[in-house]
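Coordinate analysis (summary)
Residue-level listing of the chains:
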Amino acid sequence: MNIILPAMGEGVIEATINKWLVSEGAKVREDDPLVEVATDKVDSEVPAPSDGTIVSIIAREGSTIKVGETIAIIENDSSPSPEESRQVQKEVERVRETISELRNEKKEIETIAHDLKSRTPSGKFISPLVRSIAARESISYTELDTVPGTGMDGRITKDDILKLLDTRKNAVKATEPARKKEKPVTMQGGDEVIEMDRVRKLIAEHMVLSKRTSPHVTSFIDADVTKLVNWRNSVKEKFFSAEGQKLTLTPIFIDAAARDLYEFPMVNISVDGNNIIRKKNINIGMATALPDGNLIVPVIKNANEKNLTGLARSVNDLAERARNNKLKPDEITGGTFTITNFGSYNNLAGTPIINQPQAAILGTGVVRKMPAVIETPDGDMIAIRQIMILSLSYDHRVIDGALAGKFLNRVKGILENYSTDLM
């Protein structure tokens, strides 16, 4: 039986083989972990599909394998019946015929692709030399279509594309301010160079991409969560005894955000070119710090359909498995909105970076005792209250200050008047 690389989540087409946990000749039971694999989203394990013996390991450590490709071969411990053997042989013949057909189709596609690569969308012929220059200078075929070819039959010549490059450079010089040169990092005695690991590189790329993609604006508001904190402190022991789960503030924040997104669906969106995609489901990611210093964002799907007990279970389960590298690929994809808790480390507030392709992210600061003015029937008075700061970073291409302000104020209202019958 072939062991194939299974589907690893939305948008994931390949994975890197990190480490084999078994060797050839090893006997395994169904669901035993066989190999650790890494994608651009999460690290996970591939389990054994059945009891048996590992006959051959095909995908070596460090290699990149596409979803659906064979990574190893396992031999079932039970002997197949004659009918099963005939079925296997029939399947082998069918696969061979399919491979032959695919090879023929591949040749036809390559022929068509070669012809297409030689022409612009309007049909202008592009020589191999011009193609290589265009590829090197990141000139699209659509842009080449705008070049008046001076060659025979309107062909684009080397001189034509070099002229386009000169025009480009002159336009950049005329419109862009002079860029300051980046200063090289000066090393001093005792300095240590630490290479980013794979996950940190991916996080860095994702953060830079987000800032390039979305014009970030961050709004702030404070919330008096005294009633909420007092209620949570009064029921947390009972909750743990009844449910076996800790009741932290995180599931309450997620509940408030999910209810708010239901009321303001134009915050639960993504941008696709010139289109706004309003998401039907409310899937909330929670930024989770890992023991190695990296970050991962497990997602609670359809958060608005869960009560507080269900959210607490999901939060505790996902956080625990995230810290132990046990998340499944589909548990970190599909998010439509994210919450990050700056208060975990006593930070007052922060300006979080949007988790693309989402359009907004909520930051929660530390809850601390502060003097506050309280309105009473007998007049204003100063009292000690539990106050926190909420911050909302949003994509100003599609979310304006008015919508962001209403959304943030509604989160404040939900938390300050949190219903305690949502268990």
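Presented here is an overview of the structure given in this document. (Residues numbered from 1 in each chain as written. Predicted model: local features only at pLDDT ≥ 70, side-chain atom pairs only at ≥ 80, totals over all residues. Heavy atoms only, no water.)

**A look at the environment of His206**
The cut-off we apply is this: By the criteria applied, helices consist of DSSP H or I runs no shorter than four residues and strands consist of E runs no shorter than two, each listed in order from the N terminus. To sort residues, take the accessible area from a 1.4 Å probe on protein chains only and compare it with the maximum for the residue type: under 20% means buried, over 50% means exposed, and anything in between is partly exposed. Between N or O atoms, a polar contact is any pair within 3.5 Å; within protein, one atom must be a potential hydrogen donor and the other a potential acceptor, and residues adjacent in sequence are included only when both atoms are from side chains.
Turning to its location among the elements, His206 is positioned in helix H5 (residues 198–213). We classify His206 as partly exposed; its relative accessible area is 25%. With 150 residues separating them along the chain, His206 and Gln356 place their C-alpha atoms 7.8 Å apart. There is a polar contact of 2.9 Å between the side chain of His206 and the side chain of Asn355.

**Points about the sheet that holds strand S4 (residues 33–38)**
Stated formally: Strand pairing is assigned whenever DSSP identifies at least 2 bridges connecting the two strands. Fitted lines through C-alpha atoms give the axes, limited to the stretch in contact for helices. The angle between two N-to-C directions lies from 0 to 180 degrees.
The strand order across the open sheet formed by 4 strands is S5-S4-S2-S7, and the pairing between neighbours is antiparallel. Two strands lie at the open edges of the sheet, namely strand S5 (43–47) and strand S7 (64–66), each paired on one side alone. Pairwise comparison of adjacent strand axes, ignoring direction, gives a mean angle of 45° for this sheet. Relative to S7, strand S2 (residues 14–20) is paired through 3 bridges, and the arrangement is antiparallel. When the sheet's bridge partners are listed, Ala15 is paired in S7 with Ile65.

**A closer look at the sheet that holds strand S3 (residues 27–28)**
Taken together, the 4 strands give an open sheet; going across it, the order is S1-S8-S6-S3, and neighbouring strands pair in antiparallel fashion. Strand pairing shows two members of the sheet lacking a second neighbour, strand S1 (2–4) and S3, which therefore form its edges.

**Details of the environment of Arg198**
Checked against the element boundaries, Arg198 lands in helix H5. Residues Arg198 and Thr39, 159 residues apart in the sequence, show an inter-C-alpha distance of 9.9 Å.

**Concerning the nonpolar core**
We apply this condition: Buried Ala, Val, Leu, Ile, Met, Phe, Trp, Tyr and Cys residues that are joined via side-chain atoms within 4.5 Å together make up what is termed a nonpolar core.
Judged by nonpolar contacts, the single largest core of 54 residues is most densely connected at Ile254, Ile284, Phe337, Leu390, Leu392, Ile399 and Leu415. Counting 21 residues, the second largest nonpolar core, distinct from the first, contains Trp20, Val37, Ile57 and Ile65.

**Re unusual backbone geometry**
Glycine aside, the phi torsion of most residues is negative, and most peptide linkages are trans. Residue Pro357 follows Gln356 across a cis peptide bond; omega there is 5°. Relative to the assigned elements, Pro357 resides in the loop between strand S16 (337–341) and strand S17 (360–364). Of note in this structure, Asp31 is not a glycine but carries a positive phi near 80°. Within the secondary structure, Asp31 sits in the loop between S3 and S4. The backbone phi angle of Asn346 is positive, close to 65°, even though this residue is not glycine. By secondary structure assignment, the location of Asn346 is in the loop between S16 and S17. For Asn346, a relative accessible area of 61% gives the class exposed.

**Things to note about the packing of aromatic side chains**
Remark: the centre distance and the inter-plane angle together describe each pair of aromatic rings, the angle taken between the planes. Our working definition: Two aromatic rings, drawn from Phe, Tyr or Trp (for Trp, its six-membered ring), form a pair once their centres lie within 6.5 Å of each other, and the interplanar angle then sorts them: stacked below 30 degrees, edge-to-face above 60, tilted otherwise.
By the definition in use, this model includes 3 aromatic pairs. Here the aromatic rings of Trp231 and Tyr418 are separated by 6.2 Å at their centres, their planes lie at 45°, and the arrangement is tilted. Note that Trp231 is positioned in helix H6 (residues 226–243) and Tyr418 in the segment after helix H9 (401–416), a separation of 187 residues in sequence. Each member of the pair, Trp231 together with Tyr418, is buried. Ring plane angle 75° and centroid distance 6.3 Å describe the contact between Phe264 and Phe407, whose orientation is recorded as edge-to-face. In this pair, Phe264 sits in the loop between helix H7 (250–263) and strand S10 (269–272) while Phe407 sits in helix H9, placing the two residues 143 residues apart along the sequence. A relative accessible area of 18% means that Phe264 is categorised as buried. Cluster of aromatic residues (ring-pair linked, three or more members): Phe264, Phe337 and Phe407.

**Points about the pattern of salt bridges**
In plain terms, the rule: Should a side-chain nitrogen of Lys or Arg be within 4 Å of a carboxyl oxygen of Asp or Glu, the pair is scored as a salt bridge.
In this structure the tally under the stated criterion is 15 salt bridges. Of the charged contacts in the structure, one is a salt bridge between Asp317 and Arg321, with a shortest N-O distance of 2.9 Å. In this pair, Asp317 and Arg321 both sit in helix H8 (residues 308–323), 4 residues apart, roughly one turn of the helix. Looking at Arg321, the relative accessible area reads 19%, which means it is buried. Note that Arg397 is salt-bridged to Asp395, the shortest N-O span being 2.7 Å.

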